[in-house]
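Topology and contacts: notes
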Amino acid sequence: MKLYLSVFLICIAIIVRGQDFDSDSLVMSFLSEQDVPITKNNRLKLLNGGREKFDDLFQEIEKAQHHVHLEYFNFRNDSIAGLLFNLLSKKARQGVEVRAVYDAFGNRSNNMPLNRKHLDSIRKSGIEIFPFDPLYFPFINHISSRDHRKIAIIDGKTAYIGGINIADYYITGLPEIGEWRDMHVRIEGSAVGYVQNIFLSIWNEVARQEIDGIQYYPSHDDDPDGKTVAIVDRVPKKLPRQLEETYLKSIRSAKSKIRIVSPYFLPTSAIKKELKKAISRNVKVEIMISAKLDVKFTPEGVFHVAHKLMKKGADIYIYNSGFHHSKIMMVDDKFCTVGSANLDYRSLRHDYETNAFIFDYETADELNRIFEADIENSTKMSPEVWKKRSLWKRFVGWIANGLSPLL
């Protein structure tokens, strides 16, 4: 009898283990185990590029009745920022609460930073604005964990997440690299409350305030046609590996296809290992990198890693029509992610980052169609293409890859 029972239990275990769970179900189950809230009543709009993002964001700010919250790596002191702060000043005069956070290092690192005079003028207009982690000597103490998020919340009803900072070049491009491609997503629904949590956590820290209350968290109606969204955040020391682990689980769960666009593709060793495993189990892995980048030294490291994965069987596309700064991934046509996190050590091991994981076929399909259109403006990496790169560039790439955990 005991023998029969043992055989029966083994058979049940084999059947359960062999069930073909969908990749989206596996990742949602993982997020639930990690206590990441998953909401199902959201409306989404993908914003493909700076012009779409700024047009949409400005329209929503114009309609704001209670508050506007902005958290960006940097606000470049140029014409788009001027238009934004003029609009925010107008809303402040109307009694709307306006709060903004920028990263101090991010501000210093751009060639048109917000200076003291400009900040004084912004504050006098009724806008509250604070830097995250101001830079004090010795500056090296402040380099490690930066606020790399690009989020906005209007009236607790609408949120924006993605890779687009406040800068003209997201519309006009830059002379040395051409068009600047990027992606944002607008969210309406219960997921907005979790983006609000992220902002107010940082705000109360940098402003030394205690902003909270139901006025910042309006209720959202149930929507039978709503989209399922999880907001996955990275906070150093508090949630240090949550975002990387979600990426790993997504890659690990893939059954047929993974598509990635990442500008600074210098992934952690764990991510590289999972991508190689995915290829070995016949998952089609497609990765888009840019021919030109805005950071010197990094491009050669990106090409080095991409070439290694190409040799394992990945399809690598080199985007030629400017700089593709988007941070997106699509898995099995079932779910996708849009956010601020690059697939590199800095984003996944150091900085504050926020991504929306979207479990919706239509949104994933829209991103896939954008990806396929971008392939038309790309060169597929091949042994012949790789051999055209100079030995010096290949050597620099090998060095950059080795140093990537420090970059």
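Look a little higher up for the structure.
The following refers to the structure shown. Note that the structure is a prediction, hence the values are computed from the model and not measured.

The next point concerns a positive patch on the surface. Together, K276, K308, K311 and K312 give the surface a local cluster of positive charge. The dominant element in the positive patch, judged by the number of residues it contributes, is helix α11 (residues 298-312), at three residues.

Attention now moves to the pairing of strand β10 (residues 257-261). Within β10, five of the five residues are buried, which leaves it mostly tucked inside the rest of the structure. Burial of β10 is two-sided: the residues K257, R259 and V261 facing one way and the residues I258 and I260 facing the other way are all buried. In this structure, β10 lies alongside strand β11 (residues 284-290), joined through five bridges in parallel fashion. Paired with I258 across the two strands is V285, which belongs to β11. In this fold, the crossover linking β10 to β11 by way of helix α10 (residues 269-280) has right-handed handedness. Both β10 and strand β14 (residues 328-331) contribute to a ladder of four bridges, which runs antiparallel. When the bridges of β14 are listed, R259 appears paired with M330.

So, on to the packing of α11 against helix α15 (residues 391-403). Describing two packed helices takes the angle between their axes plus the distance from one axis to the other. The geometry of α11 relative to α15 is characterised by a closest axis approach of 7 Å and an angle of 90° between their N-to-C directions. Accordingly, the angle class assigned to the pair α11 and α15 is roughly perpendicular. Here E300, G301, H304 and V305 of α11 come into contact with α15, specifically with K393, V396, G397, W398, A400 and N401. A breakdown of the residues in the contact of α11 with α15 according to their chemical character gives four nonpolar, four polar and two charged.

Let us look at the side chain of T354. Take T354: it is sitting in strand β16 (residues 353-359). Only 2.7 Å separates the side chain of T354 from the side chain of D233, close enough to count as a polar contact. Leave out the neighbours within four places in its chain, and T354 touches R149, I151, I161, I198, I231, V232, D233, G339 and S340.

Here the focus is the pairing of strand β3 (residues 97-103). In terms of burial, β3 is a largely internal element, six of the seven residues being buried. Looking at chain direction, strand β2 (residues 67-72) and β3 are connected through six bridges and run parallel. Opposite Y72, over in β3, you have Y102 as the bridge partner. Crossover connection from β2 via helix α4 (residues 79-93) to parallel β3: handedness right-handed. Looking at chain direction, β3 and strand β4 (residues 128-132) are connected through five bridges and run parallel. Pairing of A100 across the sheet is with I129, part of β4.

Attention now moves to the packing of aromatic side chains. All told, the structure shown has 16 aromatic pairs when counted by the stated rule. With centroids separated by 5.9 Å and ring planes inclined at 20°, the aromatic side chains of F199 and W203 adopt a geometry described as stacked. With a gap of four residues between them, F199 and W203 both fall in helix α8 (residues 191-206), about one helical turn apart. Taking relative accessible area as the criterion, F199 reaches 0% and is therefore assigned buried. The class for W203 is buried, based on a relative accessible area of 0%. Relative to F357, the ring of Y247 has its centre 5.8 Å away and its plane inclined at 70°; by these criteria the two rings are edge-to-face. Placement of the pair is Y247 in helix α9 (residues 242-253) and F357 in strand β16, with a sequence separation of 110 residues. Both residues of the pair, Y247 and F357, belong to the buried class. Three or more aromatic residues joined by ring pairs form one cluster here, namely Y169, Y170, W180, Y264 and F323. Taking the ring centre of F303 as reference, the NZ or CZ of R389 above it sits at 3.8 Å.

Turning our eyes to something else, we now look at the environment of M112. Turning to its location among the elements, M112 is positioned in the loop between α5 (104-109) and α6 (116-124). With near-sequence residues (within four places) excluded, M112 lies in contact with F75, R76, N77 and D78.

Once that is clear, we can look at the pattern of salt bridges. Note on pairing: side chains with opposite charge can pair once their charged atoms come close. Applying the stated rule across the entire model yields 28 salt bridges. Where R259 meets E372, a salt bridge forms, and the shortest distance between an N and an O atom there is 2.9 Å. Taken together, the positions of R259 in strand β10 and E372 in helix α13 (residues 361-375) put the pair 113 residues apart, joining distant regions of the chain. The class of R259 is buried, set by a relative accessible area of 6%. Under the relative-accessibility criterion, E372 is labelled partly exposed at 37%. Measuring nitrogen to oxygen at the nearest pair gives 3.1 Å for the salt bridge that ties D365 to R369. A residue pair is termed a helical-turn pair when its members lie 3 or 4 positions apart in one helix, as D365 and R369 do in helix α13 at four residues. Residue classification places D365 among the partly exposed positions, given a relative accessible area of 37%. By relative accessible area, R369 is classed as partly exposed at 48%. Linked by salt bridges that have partners in common, K45, D56, R186 and E188 make up one network.

Quick notes on the rules
Residues numbered from 1 in each chain as written. Predicted model: local features only at pLDDT ≥ 70, side-chain atom pairs only at ≥ 80, totals over all residues. Heavy atoms only, no water. Patch = residues over 30% accessible without salt bridge, like charges linked within 9 Å, V, L, I, M, F, W, Y side chains within 5 Å. Areas by Shrake-Rupley, 256 points an atom, 1.4 Å probe, with all protein chains shown as cover. Salt bridge = Lys/Arg side-chain N within 4 Å of Asp/Glu carboxyl O. Lys, Arg positive; Asp, Glu negative; His and termini not counted. Charge placed at Lys NZ, Arg CZ, Asp CG, Glu CD. Helix = DSSP H or I, 4+ residues; strand = E, 2+ residues; numbered from the N terminus. Buried < 20%, exposed > 50% of the residue type's maximum accessible area, 1.4 Å probe, protein only. Pairing = 2+ DSSP bridges. Right-handed = clockwise from strand over helix to strand, strands pointing away. Axes fitted to C-alpha atoms, helices over the stretch in contact; angles between N-to-C directions. Parallel < 35°, antiparallel > 145°, perpendicular 65-115°, else oblique. Contact = heavy atoms within 4.5 Å. Nonpolar A, V, L, I, M, F, W, Y, C, P; charged D, E, K, R; others polar. Polar contact = N/O pair within 3.5 Å; in protein donor to acceptor, adjacent residues only side chain to side chain. Phe/Tyr/Trp six-rings, centres within 6.5 Å; stacked < 30°, edge-to-face > 60°. Lys NZ or Arg CZ within 6 Å of the ring centre and 35° of its normal.

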